[in-house]
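Close look at the chain arrangement
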Amino acid sequence: MTVLVFVDPAHPGGRVADPDAPQLSVLDAGVTRGDGIFESALYTGGRVRKLEMHLSRMAVSAQVTDLIIPSAGAWRAAIATAVSQYDAAASPGAGPSESVVKLIATRGAESADGVHDYGSAWVTVSPAPELGLRQRETGVDVLLLDRGYDSTVAERAPWLLMGAKTLSYAVNMAAIRHAKRNGADDVIFTSSDGRVLEGPTSTVLLATRETDADGHEVKRLVTPTLETGILPGTTQGAIFAAAKSAGWELGYGPVEPRHLREAAGVWLVSSVRLLAPVNSLDGEAISTDAELTADLSAMVDSIN
Ligand code: PLP
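Residue positions are given per chain, counted from 1 along the sequence in the order it is written. Only residues with pLDDT of 70 or above have their local features reported here, since the model is predicted, and side-chain atom pairs are shown and tallied only from 80 upward, although totals for entire chains, interfaces and linings are computed over all residues. Side-chain descriptors were evaluated using all non-hydrogen atoms of the structure, hydrogens and water having been removed beforehand.

Threshold: UniProt positions are given in the numbering used here, feature names are shortened, and annotations may be inferred rather than shown by experiment.
The name given to the protein in an unreviewed UniProt entry is 4-amino-4-deoxychorismate lyase, with the source organism recorded as Zhihengliuella salsuginis. We quote the UniProt Sequence similarities (unreviewed entry) comment for the protein here in full: "Belongs to the class-IV pyridoxal-phosphate-dependent aminotransferase family."

Next comes the structure, spelled out in structure tokens:
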């Protein structure tokens, strides 16, 4: 079941619409060119997790892509309407569930003189994909795939919109299909100069455990640096904040594939799947650490 609510100035709480009926212009550049932006957030226990982080990143994506999108207040109102409709439609007595709240904004149709009208902005709420929920338990086998850019491209080529969450995910989805055709579940992109970047829909984390001179264990959590042009992950940000409070050391790349192979554990993290341990890279098993996974899962569960 999906609930759809358009952000519409004529409807302050959002305009509820039928998700199974046609709603968009076939001329909208969001459809014809993948020209738009989005966010995916987890809705569970009556709350949209990290909503403010998602709204902030949506605002950054809008700025980077020169898109005019509704205010944070208008998004919040439409989301509130969408989740209350969703809850009302849920069967009574249904157990705890996990759902995805998507925010989408498109550029709109292009007129003959090249000017775009206003695009559309909408919110959907749907059940979270089963596969992602399962992968929290099973972990994932990952292929390292070349993204074809070097790790300095974001600064040199801002028109590539690195770091914005645009609707142009065809390449990301193709990478996952390539992995599946080759017996794996997911992908970690690398840069042409050999740096670890991110997954097609996730941020990469690795952890190491060492013993310091006083015999204390030091847990260190590392993620690739944002300068490589990856998306700033809201889940990574929240986990890092929790790990810091728990006394872990934090590090921001550069990360190379060998660091993944040498780590105590590697995880893919994202808002809806949350935390999936990586079991193998390019067909070779890597270290997994159930205790660290449990620590990180507890941190993920504490995110609000
Ligand atoms: N990187 C990419 C390319 C993504 O698409 C996503 C999420 O879909 C992430 C990282 C993780 O971001 P977040 O934790 O905010 O969901």
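**Description of the site of the ligand**
The test is simple: Nearness is defined per residue: one heavy atom within 4 Å of the molecule or strand is enough. Pairs of N or O atoms within 3.5 Å make up the polar contacts considered here, provided that, within protein, one atom can donate a hydrogen while the other can accept it, and that residues adjacent in sequence are counted only when both atoms are side-chain atoms. The helix and strand labels rest on DSSP assignments: H or I over at least four residues marks a helix, E over at least two residues marks a strand, and numbering proceeds from the N terminus. Three classes are used: nonpolar for Ala, Val, Leu, Ile, Met, Phe, Trp, Tyr, Cys and Pro, charged for Asp, Glu, Lys and Arg, and polar for all others, with Gly counted as polar.
Near the ligand, the surroundings consist of 16 residues, among which R57, Y169, T234, T235 and S271 are the closest. Residue R57 places a side-chain N or O atom 2.7 Å away from an oxygen atom belonging to the ligand. Looking at the shell around the ligand, the elements that each hand over two or more residues are α7 (234-245) and β12 (265-270). The class makeup of the residues in the shell around the ligand is four nonpolar, nine polar and three charged.

**Digging into the sheet that holds strand β1 (residues 3-8)**
Quick note on the threshold: Whether two strands pair depends on DSSP finding at least two bridges between them. When checking whether two residues touch, look at their non-hydrogen atoms; a contact exists if any pair is within 4.5 Å. Angles run from 0 to 180 degrees between N-to-C directions of axes, and those axes are lines fitted to C-alpha atoms, restricted for helices to the stretch in contact.
Within the open sheet, the six strands sit side by side as β2-β1-β6-β5-β3-β4. Their pairing is antiparallel. In this open sheet, the two strands that pair with only one neighbour each are β2 (11-17) and β4 (47-48). Relative to strand β5 (residues 98-106), strand β3 (residues 36-44) is paired through nine bridges, and the arrangement is antiparallel. In the strand pairing of β5, A41 is matched with V101. The strands touched by helix α2 (residues 51-64) are β3, β4 and β5; relative to β3, the strand with the most contacts, the crossing angle is about 175 degrees. With respect to the sheet, helix α3 (residues 72-89) is in contact with β1, β2, β3, β4, β5 and β6 (121-127), its orientation differing from that of β6 by roughly 30 degrees.

**Here's the deal with the domain arrangement of the protein**
Interfaces are often sized by the accessible area lost when the parts come together. Put simply, the rule is: Boundaries of every domain are those given by an automatic assignment or by a domain database. Buried surface area refers to the total accessible area, computed with a probe of radius 1.4 Å, that the two partners give up upon joining, counted for both partners together. Between Lys or Arg on one side and Asp or Glu on the other, a salt bridge is scored when a side-chain nitrogen of the former is within 4 Å of a carboxyl oxygen of the latter.
According to the domain assignment, the protein consists of domain 1 (3-128) and domain 2 (134-301). When each unit is reduced to the centre of its C-alpha atoms, the spacing between domain 1 and domain 2 is 27 Å. Listed by partner, the interface residues are 24 residues for domain 1 and 19 residues for domain 2. Of the roughly 1600 Å² buried between domain 1 and domain 2 on both sides combined, carbon and sulfur atoms contribute 65%. Of all residues in domain 1, the largest losses of buried area upon contact with domain 2 belong to F38, K50 and R57, amounting jointly to 34% of the total for that side. Seen at the junction of domain 1 and domain 2, the total is one salt bridge. Close ionic contact of R136 with E98 constitutes a salt bridge, the shortest N to O distance being 2.6 Å.

**Digging into the pairing of β1**
Our working rule: To sort residues, take the accessible area from a 1.4 Å probe on protein chains only and compare it with the maximum for the residue type: under 20% means buried, over 50% means exposed, and anything in between is partly exposed.
Among the six residues in β1, six count as buried, and that is most of the element. Here β1 shows two buried faces, one formed by V3, V5 and V7 and the other by L4, F6 and D8. The pairing of β1 with β2 spans four bridges and is classified as antiparallel. Looking across to β2, one finds that V5 is bridged to V16. Counting the residues between successive antiparallel strands, the hairpin from β1 to β2 contains two residues.

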